[in-house]
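For reference, the chains in residue letters:
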Amino acid sequence: MSAKTYIFGLVLCGSAFACVESFDATSKIRSDTSLLGTLVVEANITGEEEIQRVFLSSVQALQNGKEEGPLFKTNTTRIKEHGIDNEFQSSVNVEIRSDNGAVYAFEAVGNGSYESMTPFAAMPNVSYQLFVSLSNGLEYASSMVKNEAVSVIDSVYARRTTSNDGSEGIGIFIDGRNMADTGNFFNYSYVETYKIIAPNWDPFEFVRPGDGTFSVAARTQEERVCFNSRESNEIIQAPNVDFDSTRLEGFMVRFLGADNFFISHRYSIEIKQQIRSQEAFEFYNKLSSFSSSENIFSQVQPGFLEGNIRATNSDSKVIGFFDVVSVSKKRIFFNYEDFFPNAALPPYPFECTIFTPSIDDDILSGRVEFVGNNENPGPDELPYFVTFTPCGDCTQLGSNVEPDFWIE
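Residues numbered from 1 in each chain as written. Predicted model: local features only at pLDDT ≥ 70, side-chain atom pairs only at ≥ 80, totals over all residues. Heavy atoms only, no water.

### Remarks on the side chain of S127
To keep it simple, the criterion reads: Think of it this way: any DSSP run of H or I at least four residues long counts as a helix, any run of E at least two long counts as a strand, and we number them from the N terminus. We call two residues in contact whenever any of their non-hydrogen atoms come within 4.5 Å of each other.
Inspection of the secondary structure puts S127 in the loop between β8 (113-116) and β9 (128-133). Not counting chain neighbours up to four residues away, the residues in contact with S127 comprise R97, S98, D99, M144, V145 and K146.

### Comments concerning the state of the cysteines
Among covalent bonds in proteins, the disulfide is the one between the sulfur atoms of two cysteines. Going by this rule: Throughout, disulfides are identified as pairs of cysteine sulfur atoms within 2.5 Å of each other. The buried label applies to any residue whose accessible area, calculated with a 1.4 Å probe on protein chains only, is under 20% of its type's maximum; exposed applies above 50%, and partly exposed to all values in between.
Taken as a whole, this structure holds two disulfides when the rule is applied. The disulfide bridge from C226 ends at C394, spanning 2.0 Å between sulfur atoms. Between C226 and C394, the S-S dihedral sits near 60 degrees, and the bridge is therefore right-handed. With C226 in strand β16 (residues 225-231) and C394 in the segment after α5 (389-392), this residue pair connects regions lying 168 residues apart in the sequence. Residues C226 and C394 agree in their burial class; the two are buried. Disulfide pairing is shown between C352 and C391; the S-S distance is 2.2 Å. Disulfide C352-C391: torsion about the S-S bond near -85 degrees, hence left-handed. Here C352, found in the loop between α3 (336-339) and β22 (354-355), pairs with C391, found in helix α5; they are 39 residues apart in sequence, far enough to count as distant. Relative accessible area serves as the criterion here: at 23%, C352 is assigned to the partly exposed category. Judged by its relative accessible area of 0%, C391 is buried.

### Describing the layout of surface pockets
For clarity, the cut-off: Two kinds of site are reported from a 1 Å grid over the protein atoms alone, namely cavities, where a 1.4 Å probe fits but cannot get out, and pockets, open sets with protein on both sides within 12 Å along at least five of seven lines, and residues are called lining when an atom falls within 4 Å of a point. Grid points are joined across faces, edges and corners, and a volume is the space filled by probe spheres set on the points.
Its boundaries defined by the atoms lining it, the second largest pocket holds a volume of some 300 Å³. Lining the second largest pocket are 14 residues, with E234, I236, F251, M252 and V253 positioned closest to its centre. Elements supplying a minimum of two residues to the lining of the second largest pocket: β17 (236-237), β18 (247-257) and α2 (278-292). It is β18 that provides the largest number of residues to the lining of the second largest pocket, a total of five residues.

### Considerations on the sheet that holds β18
Strand pairing in a sheet is mediated by backbone hydrogen bonds. Such pairs are either parallel or antiparallel. Here is the rule: DSSP bridges decide pairing: two strands pair if at least two such bridges lie between them. Note on method: axes are straight lines fitted to C-alpha atoms, helices fitted across the in-contact stretch only, with angles between N-to-C directions ranging 0 to 180 degrees.
Reading across the sheet, the three strands line up as β11-β12-β18 and stay open at both edges, with antiparallel pairing between neighbours. Of all strands in the sheet, those with a lone pairing partner are β11 (151-162) and β18, marking the two edges. Direction aside, the axes of adjacent strands within the sheet are offset by 20 degrees on average.

### Overview of the packing of aromatic side chains
Rules: Side-chain rings of Phe, Tyr and Trp, where Trp is taken by its six-membered ring, are said to pair if the distance between their centres is within 6.5 Å; with planes under 30 degrees apart they count as stacked, over 60 as edge-to-face, and otherwise as tilted. The criterion is that NZ of a Lys, or CZ of an Arg, lies within 6 Å of the ring centre and within 35 degrees of the ring normal, and then a charge sits over that ring.
Applying the stated criterion across every chain yields a total of 22 aromatic pairs. Taking 4.2 Å as the distance between ring centres and 15 degrees as the angle between the ring planes, the aromatic pair formed by Y194 and F262 counts as stacked. In this pair, Y194 sits in strand β13 (residues 186-197) while F262 sits in the loop between β18 and β19 (266-275), placing the two residues 68 residues apart along the sequence. Exposure class is identical for Y194 and F262. Each is buried. We note R159 situated over the ring of F173; from NZ or CZ to the ring centre the distance is 4.0 Å. When the ring centre of F405 is taken as reference, the NZ or CZ atom of R331 above it lies at 3.6 Å.

What follows is the structure, given as structure tokens:
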């Protein structure tokens, strides 16, 4: 049985005590239908003038042979939960209304995502409310929400450090504050971008016209240096140990082990700092604790994981939170050698051996890249040196287009 099959859940045994009970996640979700059809809402609007987004789905029973899906899918929060499947909501009317009379309509863009039809920014001292109407007539509304925080990032910096488990690597730290003096409910996400250099790249390549033949010619596109980006996929909230403080110093948002391929050459990370309401902060803390302990989501019943969205014309269940957040961003760059001078680079994610193929199919299939001519091939060997394709062509791992923000 796979490692995903057994998940430990927290079951309340009383108002002040809890007990831990283990159960088979797959059978539990299929026998417990109380959450099926529950609307899942994720909606954060920001003080930035931009296209705002809302994500809608509903909980469905996990089908045989299908991978468990994440509960929340937008880049503001991605919580991996086991034992559920999501059905995207379509034919839905989504609006955000403000107490100053503004109405912002949203349109479906696919995969349960809805985007505002025009860019807008959440204004200071203005309250906003989310309204969702499903095609089956069910209607939902959030509480009125406003956020008077002003997010400021003073510094983002990297330094060589050791993780809690003793691994050596690089930590990405942040100093931030809330200029509005309304609390320190800090939440973080990031987009990291890293440079890829194919270790066995050669300026020549095999050309395969598709007729069962091949030749060697100069490359026609960049395939030595590429870039790839990755978004954070977890809830990152700074521990709220001092409710009176509006500053945060030395909080580690990201740790990269010294053997992490992402930092092999040049690495960049853009940190997004969001200052949430206290209610949203507590909601996501609970959600994060369920995810980190791999609790089955069927135990996270509406009411226990209390959000601020309610059904307005029925007693239908809904899970999620609508919030207005203050956002700031800052980007840094660094090279591996800045922290590990003269050290061997982290291992490439493929074994990049160089060898001589014995049959044409190795080349015609595209599994290998040209490295050089073999002037003395052995019996039954072709007169070429080759390497596995990702080792000679970086576009297998990223894009050969340098990002606009990239600085060497």
